[in-house]
Amino acid sequence: QVQLVESGGGLVQPGESLVLSCAASGSSLTIYSMSWHRQALGMQRELVAFVTGDTNTTYLDSAKGRFTISRVNAKNTVYLQMNSLKPEDSAVYYCQAIVETMESPPTPYWGQGAQVTVSS
C-alpha cells in the first residue's frame, strides 16, 4: 500500500515563511507527479503547485513568486517552500502523488493534510 505522510504545518505571522514536506512510502514506486492542494474553511479544494518529472512546475496564480515546489526523487519526497505568507493562505494543505506500482497502474494518493494558519 502506498502512503503519503505530510509534515511542517503550523502557525506563523503574516510575511513569515513555512516549509511543508510530503514523503511517499511503499515498494517499487514510480511517481509520475506530485502536487500540493489546499482547502480553506468553507471553500473548495484548489491546486496550489504541481511538479512532474524533475523541473516541470505549475502554480496557482496567487502563489506565483511566493511558493516553490521541489522534488527529491531519491527520497520520494516533495516540498513546498512558502514565503511571504498571507492570512488568505490559511488552509489545510494536502499533498498528492500519481504513483504506479507493480500491482497498480498510475493512481492518485493523498496525504493526511497539514494545517497552515497565518495570523497576527
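These numbers were taken from a predicted model, which means no experiment stands behind them. (Residues numbered from 1 in each chain as written. Predicted model: local features only at pLDDT ≥ 70, side-chain atom pairs only at ≥ 80, totals over all residues. Heavy atoms only, no water.)

*Asks:* In this structure, what is going on with the sheet that holds strand β1 (residues 3-7)? I would like to understand it.
*Replies:* Where strands meet in a sheet, backbone hydrogen bonds hold them as pairs that are either parallel or antiparallel. Strand order in the open sheet formed by four strands is β1-β3-β8-β7, and the pairing between neighbours is antiparallel. At either margin of the open sheet sits one strand with a lone partner, and together these are β1 and β7 (67-72). Strand-to-strand, the axes of this sheet are offset by a mean angle of 15 degrees, without reference to chain direction. (Pairing = 2+ DSSP bridges. Helix = DSSP H or I, 4+ residues; strand = E, 2+ residues; numbered from the N terminus. Axes fitted to C-alpha atoms, helices over the stretch in contact; angles between N-to-C directions.)

*Asks:* Mind showing me how you'd approach the state of the cysteines here?
*Replies:* Disulfide: a covalent bond formed between the sulfur atoms of two cysteine residues. Throughout the structure, instances matching the rule amount to one disulfide. Each sulfur of the disulfide joining Cys22 and Cys95 lies 1.9 Å from the other. With the S-S bond torsion at 45 degrees, the cross-link from Cys22 to Cys95 turns out right-handed. With Cys22 in strand β3 (residues 18-25) and Cys95 in strand β9 (residues 91-100), this residue pair connects regions lying 73 residues apart in the sequence. (Disulfide = S-S within 2.5 Å.)

*Asks:* Explain the packing of aromatic side chains to me, please; I cannot follow it from the model alone.
*Replies:* The way to describe two aromatic rings as a pair is by their centre distance and the angle between their planes. Counting across every chain of the model gives zero aromatic pairs. Note that Arg45 overlies the ring of Tyr94, its terminal NZ or CZ placed 3.9 Å from the centroid. Taking the ring centre of Trp110 as reference, the NZ or CZ of Arg45 above it sits at 5.0 Å. (Phe/Tyr/Trp six-rings, centres within 6.5 Å; stacked < 30°, edge-to-face > 60°. Lys NZ or Arg CZ within 6 Å of the ring centre and 35° of its normal.)

*Asks:* Sorry if this is basic, but what is going on with the pattern of salt bridges here?
*Replies:* Where charged atoms of side chains with opposite charge meet at close range, the side chains can pair. Inspection of the entire model under this criterion finds four salt bridges. Note that Asp89 and Arg38 form a salt bridge whose closest N and O atoms lie 3.0 Å from each other. Linking Asp89 in the loop between β8 (77-82) and β9 with Arg38 in strand β4 (residues 30-39), this pair joins segments that are 51 residues apart in sequence. For the pair shown, Asp89 and Arg38 are each scored as buried. In this structure, Asp61 engages Lys64 in a salt bridge whose closest nitrogen and oxygen atoms are separated by 3.0 Å. Put simply, Arg38, Glu46, Arg66 and Asp89 are held in one network by salt bridges that share partners. (Salt bridge = Lys/Arg side-chain N within 4 Å of Asp/Glu carboxyl O. Buried < 20%, exposed > 50% of the residue type's maximum accessible area, 1.4 Å probe, protein only.)

Keep in mind these numbers describe shape, not what the thing actually does.
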